[in-house]
Amino acid sequence: SPWAEFSVADIPGLVEGAFENRGLGHSFLSHIERTSLLCYVLDLACAERHPAVQLALLQEELDRYLPGLAARPCIIAANKADASAAAAPLAPPPP
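Residues numbered from 1 in each chain as written. Predicted model: local features only at pLDDT ≥ 70, side-chain atom pairs only at ≥ 80, totals over all residues. Heavy atoms only, no water.

1. Here we look at the pattern of salt bridges
Under the defined criterion, the tally for this structure stands at two salt bridges. Residue Lys80 is joined to Asp43 by a salt bridge in which the shortest nitrogen-to-oxygen separation is 3.3 Å. In this pair, Lys80 sits in the segment after β2 (74-79) while Asp43 sits in strand β1 (residues 38-43), placing the two residues 37 residues apart along the sequence. We note a salt bridge from Arg64 to Glu60, for which the minimum N-O separation is 3.5 Å. Taken together, the residues span about one helical turn, with Arg64 and Glu60 both in helix α2 (residues 51-65) at a distance of four residues. (Salt bridge = Lys/Arg side-chain N within 4 Å of Asp/Glu carboxyl O. Helix = DSSP H or I, 4+ residues; strand = E, 2+ residues; numbered from the N terminus.)

What follows is the structure, encoded as structure tokens:
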């Protein structure tokens, strides 16, 4: 059938240290365990963290919670690409 059924889990605002049960912690991360595809939404207008750094931090947080979780198939979405601050993050991250 061309119409496949799938489930979506919206996991907004993963905080650093969630793997240590900070914020909503394990109850928050347990929803991600049931997913077969991850979609990372990166903030292109974030001045504090380059999108590559954002992705690395998210993946590290997931792997520290459950080793191998970040190795699941994924797609990456860029948010706020229309913001005036978004042009610079498209360049490679600083060393």
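2. Quick word on the pairing of β2
Taken together, the six bridges between β1 and β2 define a ladder with parallel strand orientation. Bridging from a neighbouring strand, Tyr40 pairs with Ile76 of β2. On the question of chirality, the crossover connecting β1 to the parallel β2 by way of α2 is right-handed. (Pairing = 2+ DSSP bridges. Right-handed = clockwise from strand over helix to strand, strands pointing away.)

3. Topic: the side chain of His50
By the secondary structure assignment, His50 is in the loop between β1 and α2. A distance of 3.0 Å separates a polar atom in the side chain of His50 from the backbone nitrogen of Ala52. (Polar contact = N/O pair within 3.5 Å; in protein donor to acceptor, adjacent residues only side chain to side chain.)

4. Concerning the nonpolar core
Nonpolar side chains in soluble globular proteins generally cluster together in the buried interior. In terms of nonpolar packing, the biggest core is built from nine residues, these being Ile32, Leu38, Tyr40, Leu42, Leu55, Leu62, Tyr65, Leu69 and Ala70. Every element with two or more residues in this core is listed here: β1 and α2. The contact partners of Tyr40, leaving out residues within four places of it in the chain, are Leu55, Leu58, Gln59, Leu62, Ala70, Cys74, Ile75, Ile76 and Ala77. (Core = buried A, V, L, I, M, F, W, Y, C linked by side-chain atoms within 4.5 Å. Buried < 20%, exposed > 50% of the residue type's maximum accessible area, 1.4 Å probe, protein only. Contact = heavy atoms within 4.5 Å.)

5. Brief notes about the environment of Ser36
Mapped onto the fold, Ser36 is located in the loop between α1 (25-33) and β1. Of the residues examined, Ser36 reaches a relative accessible area of 58% and is grouped as exposed. Dropping the residues within four chain positions of it, Ser36 is found in contact with Arg72 and Pro73.

6. Looking at the side chain of Gln54
Structurally, Gln54 is set in helix α2. A relative accessible area of 12% means that Gln54 is categorised as buried.

7. A few points about the environment of Ile32
Residue placement: Ile32 occurs in helix α1. A relative accessible area of 6% means that Ile32 is categorised as buried. It is 8.7 Å that separates the C-alpha atoms of Ile32 and Leu62, two residues lying 30 residues apart in sequence.

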